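Single-letter residue listing:
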Amino acid sequence: MYVCICHGVTDTQIESAIDNGAETMKELTKTLSVGSQCGKCCQCTKRVLNRKLLQIAEAQPQVA
Ligand code: FES
């Protein structure tokens, strides 16, 4: 699904950038240019970011 129309960025590309170390909106903007033009995709990008970071955190082993 396209998240950023201005730069043609999909949710899969965003998730891939997060897998490669991006952890913030600023880093995603630097890597993919997402949100750097009209800004209408920022909320959707943040939802994708938060969902992916939560998935990564839940996959980590629990430390007691
Ligand atoms: S839709 Fe992403 S900057 Fe415009």
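Each value, and the rule that gives it
- Residues numbered from 1 in each chain as written.
- Predicted model: local features only at pLDDT ≥ 70, side-chain atom pairs only at ≥ 80, totals over all residues.
- Helix = DSSP H or I, 4+ residues; strand = E, 2+ residues; numbered from the N terminus.
- Buried ≥ 20, exposed ≤ 12 C-beta atoms within 10 Å, placed from the backbone.
- Contact = placed C-beta atoms within 7 Å.
- Axes fitted to C-alpha atoms, helices over the stretch in contact; angles between N-to-C directions.
- Parallel < 35°, antiparallel > 145°, perpendicular 65-115°, else oblique.
- Left-handed = near helix turned anticlockwise from the far one by under 90°.
- Nonpolar A, V, L, I, M, F, W, Y, C, P; charged D, E, K, R; others polar.
- Core = buried A, V, L, I, M, F, W, Y, C linked by C-beta atoms within 7 Å.

Caption draft 1: Structural detail: the overall build of the protein chain. Helix and strand counts for the protein chain stand at three helices and two strands. Each helix and strand of the protein chain, placed in order from N terminus to C terminus, yields the pattern β-β-α-α-α. Projecting the C-alpha coordinates of the protein chain onto the three principal axes gives extents of approximately 45 × 20 × 15 Å. The proportion of buried residues among the 64 residues of the protein chain is 23%. Sequence separation of 24 or more characterises 46% of the internal contacts of the protein chain that already satisfy a separation of 6 or more.

Caption draft 2: Main features of the environment of Thr-10. Mapped onto the fold, Thr-10 is located in strand β2 (residues 9-10). Overall, Thr-10 belongs to the partly exposed group, with 15 C-beta atoms counted inside 10 Å. In sequence terms Thr-10 and Arg-47 are 37 residues apart; their C-alpha atoms lie 13 Å from each other. Ignoring any residue separated from it by four or fewer positions in sequence, one finds Thr-10 in contact with Met-1, Tyr-2 and Val-3.

Caption draft 3: Examining the packing of helix α1 (residues 11-19) against helix α3 (residues 42-59) more closely. Their axes nearest at 10 Å, the elements α1 and α3 cross at an angle of 45 degrees. With respect to each other, α1 and α3 are oriented oblique. Here the hand of the crossing between α1 and α3 comes out right-handed. Where α1 abuts α3, its residues Asp-11, Ile-14, Glu-15 and Ile-18 lie against Thr-45, Val-48, Leu-49, Lys-52 and Leu-53. Of the residues assigned to the contact of α1 with α3, the class counts are five nonpolar, one polar and three charged.

Caption draft 4: Here's a closer look at the environment of Cys-42. By the secondary structure assignment, Cys-42 is in helix α3. Along the primary structure Cys-42 and Thr-29 are separated by 13 residues, whereas in three dimensions their C-alpha atoms are 9.5 Å apart. Filtering out sequence-adjacent residues up to four positions away, Cys-42 remains in contact with Met-25 and Gly-35.

Caption draft 5: Just the nonpolar core, in detail. In terms of nonpolar packing, the biggest core is built from 13 residues, with Val-3, Val-9, Ile-14, Ala-17, Leu-28, Leu-32 and Val-34 touching the most fellow members. At the level of secondary structure, the elements contributing two or more residues to this core comprise β1 (2-4), α1, α2 (25-32) and α3. The leading source of residues in this core is α1, at three residues. Ignoring anything within four residues of it in the chain, the contact list for Val-34 reads Val-3, Cys-4, His-7, Val-9, Ile-14, Leu-28, Thr-29, Cys-41 and Thr-45.

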